[in-house]
Amino acid sequence: MTASIVGWAHTPFGKFDTETVESLVTRVANEAMADAGISASDVDEIVLGHFNAGFSAQDFTASLVLQADPKLRFKPATRVENACATGSAAVHQGLRAIAAGAAKIVLVVGVEQMTRTPGPEIGKNLLKASYLPEDGDTVGGFAGVFGKIASSYFQKYGDQSDALALIAAKNHKNGVANPFAQMRKDFGFDFCRAESEKNPYVAGPLKRTDCSLVSDGAAALVLADAETAKGMSKSIGFRATAHAQDFLPMSKRDILQFEGCTVAWQRALEKAGVTLSDLSFVETHDCFTVAELIEYEAMGLTPRGQGARAIKEGWTLKDGKLPVNPSGGLKAKGHPIGATGVSMHVMTAMQLAGQAPEGMQLKNARLGGIFNMGGAAVANYVSVLEPLK
């Protein structure tokens, strides 16, 4: 064990006309340091996860974290980006700084402001996380990419509309208890299953309730080395991490396999010395419901083509054998790109510390898994966390 999470902060996710990237960043940076009980002068390094890709006119944003406190001036600060896994890329970069002995305390921040961007530009910006020579003209933007994936899955394994609606309904129900979630409404299976004026088809077999939300928001973590963490009031340790990067063009791989997801999970579980069944819960990357469905298979919960079993038989419900997305996931919580991976680590740390909001807290949560994905299973990050104190 080289590092632990010793403090965190999280804004609500949603549409915030009065916020900016800078205000979101400085807010969570200060709140995370206060939560950890440290001063800005204690921070050795800063890592910011910010996708941007045109959402914000202000680029070169690593130094915005310094606006949180003058004592952060002259600290090493770097911005990282790896599509929708940008937040986890920032977390893993902070862990590397600690493992290398270059830092004892790292402040990790993830942020995105998306809702000020006009709809057509949102689709264009998100499509930059695909391989443009092949997918640049995809109708519907990134939803169109996953609409193609869903259509291919249906063609190979049969219509999975019931399973997708069950996943959407599960995550929306879970999100009701999460005060940080953008959409806190239990829509129920029937609404998610039926096409309607309020739930139209968006791309292929995917309806609006199958797609994660365009969001503004930020989250932050304070990471500390093992020795420093011993003196902190709370410590959520990294039992293992793994990162597997796959080819960007979907034409070079079987997109229904999510092979990078499988490799990342296998590496992380092996490092942790545990199996999937040892986990108390998982926060997984449900940018679209079909992604969560395929991730059930890729993580080893079910054989290939049988992901629907996990949701239809209740395995991934909050009271199931492996609760998945008790936070509501990206589907209900929202998906501000650069913040998402950091948010997933915050949600998991809260569960393991017994500090999740009432109604969201799981009983006896002892080992949490995280899967954060960039692009269509291109950037694949897994973390396995456990409470140390």
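- An unreviewed UniProt entry lists the protein chain under the name Acetyl-CoA acetyltransferase, from Bradyrhizobium zhengyangense.

1. Looking at the pairing of strand β11 (residues 379-387)
Then, in step 1: Of all the nine residues making up β11, nine are buried; the element is thus mostly covered by neighbouring parts of the structure.
Then, in step 2: Judged by which residues are buried, β11 turns out to be covered on both faces: Ala379, Tyr381, Ser383, Leu385 and Pro387 on one side and Asn380, Val382, Val384 and Glu386 on the other are all buried.
Then, in step 3: Inspection of the sheet shows strand β10 (residues 368-374) paired to β11 by seven bridges, in the antiparallel sense. Bridged to Gly369 within β11 is Val384.
Then, in step 4: Linkage of β10 to β11, two consecutive antiparallel strands, is achieved through a turn of four residues, within which Gly375 is found at a positive phi near 70 degrees.

2. Here's the deal with the UniProt feature "domain: Thiolase N-terminal" (unreviewed entry) in the protein chain
Then, in step 1: As annotated by UniProt and renumbered to match this structure, "domain: Thiolase N-terminal" (unreviewed entry) occupies residues 5-226.
Then, in step 2: Secondary structure over residues 5-226 splits into 37% helix and 18% strand, and the C-alpha atoms at its two ends are 10 Å apart.

3. Let's talk about the sheet that holds strand β3 (residues 77-80)
Then, in step 1: The mixed open sheet is built from nine strands, whose spatial order is β3-β2-β4-β7-β1-β8-β11-β10-β9. In this open sheet, the two edge strands, each paired with only one partner strand, are β3 and β9 (281-284). Direction aside, the axes of adjacent strands within the sheet are offset by 25 degrees on average.
Then, in step 2: Bridging between strand β4 (residues 105-113) and strand β7 (residues 216-225) involves nine bridges; their strand directions are antiparallel. Residue pairing across strands places Gly110 opposite Ala219, the latter belonging to β7.

4. Brief notes about the packing of aromatic side chains
Then, in step 1: By the definition in use, this model includes four aromatic pairs.
Then, in step 2: On the basis of an interplanar angle of 55 degrees and a centroid distance of 5.5 Å, the ring pair of Phe142 and Phe146 is categorised as tilted. Within this pair, Phe142 and its partner Phe146 are both found in helix α5 (residues 141-157), separated by four residues, close to a single helical turn. No difference in accessibility class separates Phe142 from Phe146, as the two residues are buried.
Then, in step 3: On the basis of an interplanar angle of 20 degrees and a centroid distance of 5.1 Å, the ring pair of Phe187 and Phe191 is categorised as stacked.
Then, in step 4: The partly exposed category is assigned to Phe187, whose relative accessible area is 21%.
Then, in step 5: In textbook terms, an aromatic cluster arises when at least three aromatic residues are bridged by ring pairs, as seen for Phe142, Phe146 and Phe288.
Then, in step 6: The ring of Phe247 carries the charged tip of Lys252 above its face, separated from the ring centre by 4.1 Å.
Then, in step 7: Here the guanidinium or amino end of Lys321 rests over the ring plane of Trp315, the centre of that ring lying 3.8 Å away.

5. Some remarks on the side chain of Thr115
Then, in step 1: Considering the arrangement of structural elements, one finds Thr115 in the loop between β4 and α3 (119-127).
Then, in step 2: On the basis of relative accessibility, which here comes to 17%, the residue Thr115 falls in the buried class.
Then, in step 3: Side-chain polar atoms of Thr115 contact the side chain of Asp216, separated by 2.6 Å.
Then, in step 4: If near-sequence neighbours (up to four positions away) are discounted, Thr115 is found in contact with Gly14, Lys15, Phe16, Val214, Ser215 and Asp216.

6. So, helix α6 (residues 161-175)
Then, in step 1: Given a rise of 1.5 Å per residue, 15 residues ought to cover 21 Å, and the 21 Å separating the end C-alpha atoms of α6 matches this to within 8%.
Then, in step 2: Of all 15 residues that make up α6, twelve are buried, and the element is covered over most of its length.
Then, in step 3: When α6 is considered as a whole, its buried residues turn out to be Ser161, Ala163, Leu164, Ala165, Ile167, Ala168, Ala169, Lys170, Asn171, His172, Asn174 and Gly175.
Then, in step 4: Here the buried face of α6 lies against α5, α7 (188-193), β6 (206-207), α10 (289-298), α11 (307-312) and α12 (329-333).

7. A look at the packing of α3 against α5
Relative orientation and spacing of two packed helices are given, respectively, by the angle between their axes and the distance between those axes.
Then, in step 1: The interhelical angle for the contact between α3 and α5, taken along N-to-C directions, is 60 degrees, at an axis separation of 6 Å. One element, α3, and the other, α5, form an angle in the oblique class. Contact with α3, carried on its side by Gly123, Leu126 and Leu127, involves Gly141, Phe142 and Val145 of α5 and no other residues of that element.

8. Remarks on the side chain of Asn52
Then, in step 1: Within the element layout of this structure, Asn52 appears in the loop between β2 (45-49) and β3.
Then, in step 2: A polar atom in the side chain of Asn52 sits 2.7 Å from the backbone nitrogen of Ser56.
Then, in step 3: Setting aside anything within four residues of it in sequence, one finds Asn52 in contact with Gln58, Asp59, Arg79 and Glu112.

9. A word on the pattern of salt bridges
Then, in step 1: One pass over the structure, following the stated rule, counts ten salt bridges.
Then, in step 2: Across the pair Arg193 and Asp162 runs a salt bridge whose closest N-O atoms are separated by 2.5 Å. Here Arg193 is found in helix α7, whereas its partner Asp162 is found in helix α6, with 31 residues between them in sequence.
Then, in step 3: Asp162 sits in the partly exposed class, given a relative accessible area of 33%.

What counts as what
Residues numbered from 1 in each chain as written. Predicted model: local features only at pLDDT ≥ 70, side-chain atom pairs only at ≥ 80, totals over all residues. Heavy atoms only, no water. Buried < 20%, exposed > 50% of the residue type's maximum accessible area, 1.4 Å probe, protein only. Helix = DSSP H or I, 4+ residues; strand = E, 2+ residues; numbered from the N terminus. Pairing = 2+ DSSP bridges. UniProt positions renumbered as here; feature names shortened; annotations may be inferred. Axes fitted to C-alpha atoms, helices over the stretch in contact; angles between N-to-C directions. Phe/Tyr/Trp six-rings, centres within 6.5 Å; stacked < 30°, edge-to-face > 60°. Lys NZ or Arg CZ within 6 Å of the ring centre and 35° of its normal. Polar contact = N/O pair within 3.5 Å; in protein donor to acceptor, adjacent residues only side chain to side chain. Contact = heavy atoms within 4.5 Å. Expected span 1.5 Å × (residues − 1). Parallel < 35°, antiparallel > 145°, perpendicular 65-115°, else oblique. Salt bridge = Lys/Arg side-chain N within 4 Å of Asp/Glu carboxyl O.

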